[in-house]
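As a plain string of letters, each chain reads:
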Amino acid sequence: MDLPSLKPKPQVADKVEIAETSSYGTYETLTNGFTSVRSQLCGPSALEESERNYCVNAENMKMAGLRRTQGIHAPLRLIHERNAAKKIQRLPFLPSSNIALETLEGRDETIDMDDFIFNDPFEGVESLASPFMVMEKHLFGAKK
């Protein structure tokens, strides 16, 4: 497991995508969204691609450094701890904050855009269903 490269590699589409058209031969903006000529002609810049994958690249660099300095057990232990923290959930009718996972990843003391849900009509709204009905659906509905 070598260290990941710090030089960004641009990913350019080989073909220009043809927009979906309606039966009248026009582009349906309401169903397919807005089109961007720039995204169809050329791919994102190398810096944009690097910034999009920054967290993944930083994590890979950290794991590679741990493996070189402490051996294979250190990254494996961290990966197993994260997987165990991801499995910890509250009951289905209660929202989960995943605080154990955030603490392991060091994101518990920072506030970023992932912490906010904008324009969510169900935020702060309690479930009208009975907790017993939700648990019954969760336990017995999944067996079908």
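About the cut-offs
Residues numbered from 1 in each chain as written. Predicted model: local features only at pLDDT ≥ 70, side-chain atom pairs only at ≥ 80, totals over all residues. Heavy atoms only, no water. UniProt positions renumbered as here; feature names shortened; annotations may be inferred. Helix = DSSP H or I, 4+ residues; strand = E, 2+ residues; numbered from the N terminus. Buried < 20%, exposed > 50% of the residue type's maximum accessible area, 1.4 Å probe, protein only. Contact = heavy atoms within 4.5 Å. Areas by Shrake-Rupley, 256 points an atom, 1.4 Å probe, with all protein chains shown as cover. Salt bridge = Lys/Arg side-chain N within 4 Å of Asp/Glu carboxyl O. Lys, Arg positive; Asp, Glu negative; His and termini not counted. Expected span 1.5 Å × (residues − 1). Arc of directions from axis to C-beta. Axes fitted to C-alpha atoms, helices over the stretch in contact; angles between N-to-C directions. Parallel < 35°, antiparallel > 145°, perpendicular 65-115°, else oblique. Nonpolar A, V, L, I, M, F, W, Y, C, P; charged D, E, K, R; others polar.

By the naming in an unreviewed UniProt entry, the protein goes by Proteasome maturation protein and is assigned to Parasteatoda tepidariorum. UniProt annotates the protein under Sequence similarities (unreviewed entry) with the comment "Belongs to the POMP/UMP1 family."

> How should the overall build of the protein be read in this particular structure?
Looking only at helices and strands, the protein features seven helices and zero strands. Beginning at the N terminus, the succession of helices and strands in the protein can be written as α-α-α-α-α-α-α. Relative to its 144 residues, the protein shows a buried fraction of 10%. Long-range pairs, those at least 24 residues apart, make up 41% of the contacts in the protein between residues at least 6 apart in sequence. With the model as given, the accessible surface of the protein reaches about 12700 Å², and the carbon-plus-sulfur share is 59%.

> Hey, could you run me through the pattern of salt bridges in this one?
Between side chains of opposite charge, a pair can form as their charged atoms come close. Counted under the stated rule, the structure contains six salt bridges. Among the salt bridges present, the one from arginine 52 reaches glutamate 49, with a minimum N-O distance of 3.1 Å. Placement of the pair is arginine 52 and glutamate 49 together in helix 3 (residues 46–52), with a separation of three residues, close to one helical turn. Salt bridges sharing partners connect three or more residues here, namely Glu59, Arg82, Glu105 and Arg107.

> Would you mind showing me how to read unusual backbone geometry here?
The phi angle of most residues is negative, glycine excepted, and most peptide bonds adopt the trans form. Even without glycine at this site, asparagine 98 takes up a positive phi of about 55°. As for its placement among the helices and strands, asparagine 98 is situated in the loop between helix 5 (73–87) and helix 6 (99–105). A residue is classified by how much of its surface remains accessible, and asparagine 98, at 31% relative accessible area, is partly exposed.

> Would you explain the side chain of glutamate 102 in this entry?
Residue placement: glutamate 102 occurs in helix 6. Although buried, glutamate 102 forms no salt bridge, and the nearest oppositely charged side chain, arginine 107, lies 4.4 Å from it. Non-local contacts of glutamate 102, meaning those with residues more than four positions away in its chain, are made with Ser97, Arg107, Asp108 and Asp115.

> Sorry if this is basic, but what is going on with helix 5 here?
An α-helical segment advances 3.6 residues per turn. Residues three or four places apart therefore align on the same side. Taking 1.5 Å as the rise per residue, helix 5 with 15 residues should run 21 Å; its terminal C-alpha atoms sit 21 Å apart, in good agreement. Considered for burial, the residues of helix 5 that qualify are Ala74, Pro75, Leu78, Arg82 and Ala85. Around the axis of helix 5, the buried residues are gathered within 100° of arc, so they sit on the same side. Among the exposed residues of helix 5, those pointing more than 90 degrees away from its buried face are His73, His80 and Lys87. Summarising the contacts, the buried residues of helix 5 are in contact with helix 4 (54–70) and helix 6.

> Help me understand the packing of helix 4 against helix 5 in this model?
Between two packed helices, both the angle of their axes relative to each other and the distance between the axes serve to describe the pair. Two elements in contact, helix 4 and helix 5, have axes separated by 7 Å at closest approach and are oriented at 135°. By the angle class used here, helix 4 and helix 5 are oblique. Here helix 4 contributes Glu59, Lys62, Met63, Leu66, Arg67 and Gln70 to the contact with helix 5, which in turn contributes His73, Ala74, Pro75, Leu78, Ile79 and Arg82. Looking at the contact of helix 4 with helix 5 residue by residue, the classes come out as six nonpolar, two polar and four charged.

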